[in-house]
Amino acid sequence: MVTTRAPEDAYTAGPFVPEHGGLTALRKAAAGCRGCPLHRDATQTVFGAGAADARVMLVGEQPGDQEDRQGKPFVGPAGKLLDRALAEAGIDPGDAYVTNAVKHFKFTQAEPRKRRIHKAPNLREMTACAPWLAAELALVEPELIVVLGATAGKALLGSSFRVGEVRGTVLEEEIHGRRERLVPTVHPSSVLRADDREGAYQGLVQDLRTAARVLS
Ligand code: URA
């Protein structure tokens, strides 16, 4: 029997990433990515969105239920909260390039037609998807990366990343061969889940104000 499935230890998007072409070519190629098993249950690849000359890149974890259905990042409840927080911090959400560490929705579902529950991607899936993020960074060349939560932080800065230790600070790190400036903060979904939602929201806005200062 012929199978196109990669062996478990060889999950990678690498062979699917085109060597030439801009974001449009990348997005088109990503739609056919089979670099890890997550494409099987997801509706579609959710690639990054925004201008190729955006000064700031926002990196989240993976698309959620709404993003999976609509094919665009951060269009669900977390995205709406993020847009509000960005605007309040002085960053026009329309000026940002928005993407995720992992481009397919990972979820569990008790039964067909029941609610799809988000499941965090594992290290192998994050590593498999990394070539897409590397290609986006190489094309957009943002002045600043805003790291939204632990998964994005681990994908960009390694498994020892702890968002609570570095949130709201300006980091400088070598990432995929480029010197990058980053401001980590919490994931907007964590604000939606927080007991003190207003306090968590104000914390996010404060971190994003640091990002706005770097860009000013
Ligand atoms: N959460 C993310 O990390 N990314 C999205 O696109 C939506 C929700």
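First, a word on scope: everything that follows refers to the structure included in this document. One numbering rule holds for all chains: residues counted from 1, following each sequence as written. The predicted origin of the model limits local features to residues at a pLDDT of at least 70 and limits the giving and counting of side-chain atom pairs to 80 or more, whereas totals for whole chains, interfaces and linings rest on all residues. Only hydrogens and water are set aside when side-chain values are computed; all heavy atoms of the structure are taken into account.

Around the ligand sit Gly60, Glu61, Gln62, Pro63, Gly64, Glu67, Pro73, Phe74, Asn100 and His187, and those are all the residues in its vicinity. One of the backbone nitrogen or oxygen atoms of Glu61 is found 2.8 Å away from an oxygen atom of the ligand. For the ligand, a nitrogen atom lies 2.9 Å from a polar atom in the backbone of Gln62. Relative to its unbound accessible surface of 240 Å², the ligand loses 94% to contact with the protein. Amino acids are sorted into nonpolar (Ala, Val, Leu, Ile, Met, Phe, Trp, Tyr, Cys and Pro), charged (Asp, Glu, Lys and Arg) and polar (every other residue, Gly among them). Looking at the shell around the ligand residue by residue, the class counts come to 3 nonpolar, 5 polar and 2 charged. Nearness is judged by heavy atoms alone; a residue qualifies as near a molecule or strand once a single heavy atom is within 4 Å of it. Side-chain atoms alone can form a polar contact between residues adjacent in sequence; in general such a contact is a pair of N or O atoms within 3.5 Å, and within protein one must be able to donate a hydrogen while the other accepts it. Each accessible area value is a Shrake-Rupley result obtained with a 1.4 Å probe; residue values ignore everything except the protein chains displayed when judging cover.

The subject of this paragraph is helix H5 (residues 150–157). What sets the pattern is the α-helix's 3.6 residues per turn: residues three or four places apart point alike. Relative accessibility under 20% of the residue-type maximum defines a buried residue, over 50% an exposed one, and the middle range a partly exposed one, all with a 1.4 Å probe and only protein chains included. A helix here means a DSSP run of H or I that spans at least four residues, while a strand means a run of E at least two residues long, and both kinds are numbered starting from the N terminus. When we look at burial in H5, the residues that qualify are Thr151, Ala152, Gly153 and Leu156. Turning to H5, the residues buried within the fold contact strand E1 (56–60), helix H4 (123–140), strand E5 (144–148), strand E6 (171–175) and strand E7 (178–185). Once H5 finishes, Gly158 follows within two positions and takes phi at roughly 105 degrees, a positive value. Residues are treated as being in contact if the distance between any of their heavy atoms lies within 4.5 Å.

For Leu144, the position within the fold is in strand E5. C-alpha separation for the pair Leu144 and Ala155, spaced 11 residues apart in sequence, amounts to 16 Å. With sequence-adjacent residues up to four places away left out, Leu144 is seen in contact with Arg55, Val56, Met57, Arg181, Leu182, Val183, Ala211, Val214 and Leu215.

This part takes up the side chain of Glu61. Mapped onto the elements of the fold, Glu61 is located in the loop between E1 and helix H2 (65–70). In this tally Asp and Glu are treated as negative and Lys and Arg as positive; neither His nor the chain ends contributes. Throughout this description, the term salt bridge denotes a Lys or Arg side-chain nitrogen within 4 Å of a carboxyl oxygen of Asp or Glu. At 7.7 Å, Arg193 is the nearest oppositely charged side chain to Glu61, a buried residue that forms no salt bridge. At a separation of 3.4 Å, a polar atom in the side chain of Glu61 contacts the side chain of Gln62. A distance of 2.9 Å separates the side chain of Glu61 from the side chain of Thr151, its partner in a polar contact. Ignoring anything within four residues of it in the chain, the contact list for Glu61 reads Asn100, Ala101, Val102, His118, Ala120, Pro121, Thr151 and His187.

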